[in-house]
Amino acid sequence: LSGWAALEILIAKSFKSYEQAFLSPFTKAEQPTLRERFLARIKGVMKDKYRLTDKFIAVTSVLFPGAADGDVQQDYEKFCKLKDLRDSIFHGEPFSEKELPVHELAALLRKYVLARIATPNQALNTDAPTSGAPVS
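Note that this is a predicted model, so its numbers are computed, not measured. (Residues numbered from 1 in each chain as written. Predicted model: local features only at pLDDT ≥ 70, side-chain atom pairs only at ≥ 80, totals over all residues. Heavy atoms only, no water.)

A.B. asks: Before we go on, may I ask you to explain the packing of aromatic side chains in this structure?
C.D. replies: For any pair of aromatic rings, geometry is given as the distance between the ring centres together with the angle between the planes. In this structure the tally under the stated criterion is 5 aromatic pairs. Here the aromatic rings of F64 and Y112 are separated by 5.1 Å at their centres, their planes lie at 70°, and the arrangement is edge-to-face. Residue F64 is located in the loop between α3 (52-63) and α4 (69-90), and its partner Y112 is located in helix α5 (residues 102-118); the two are separated by 48 residues in the primary sequence. Between the NZ or CZ atom of R86 and the centre of the ring of F90, over which it lies, the distance is 4.1 Å. Here the basic side chain of K111 rests over the ring of F64, its NZ or CZ set 5.1 Å away from the ring centre. (Phe/Tyr/Trp six-rings, centres within 6.5 Å; stacked < 30°, edge-to-face > 60°. Helix = DSSP H or I, 4+ residues; strand = E, 2+ residues; numbered from the N terminus. Lys NZ or Arg CZ within 6 Å of the ring centre and 35° of its normal.)

A.B. asks: Quick question: what am I supposed to make of the environment of D87 here?
C.D. replies: By secondary structure assignment, the location of D87 is in helix α4. Judged by its relative accessible area of 19%, D87 is buried. A distance of 2.7 Å separates the side chain of D87 from the side chain of K83, its partner in a polar contact. (Buried < 20%, exposed > 50% of the residue type's maximum accessible area, 1.4 Å probe, protein only. Polar contact = N/O pair within 3.5 Å; in protein donor to acceptor, adjacent residues only side chain to side chain.)

The following block contains the structure:
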């Protein structure tokens, strides 16, 4: 459960940083002002309504932009499986400690922590200068 809490916190905190980077491609087509206005409204309405799996999708998209669809789909399925297990445990359903997917959870958490560390801050701000200077 501690591992799950760490993964959930990582995804929730990362989403706050990556939401704009995830949505920004939608504003780069025709009528960018109208698209930005629409997305601002959607973000306002959805602010407290995103499910954790929605946040996971957005974070995955930003952290692994060039990953194969099959790979990110596999991560999504693992995440959903782990979340369902966590939910069932929290709701008091019986479980076997020996059968808990500790290694699968640890591997997914490690993958996302390392990707978060490796993702440059400039990727989070689409308006940031690309001078190569470190961003703090």
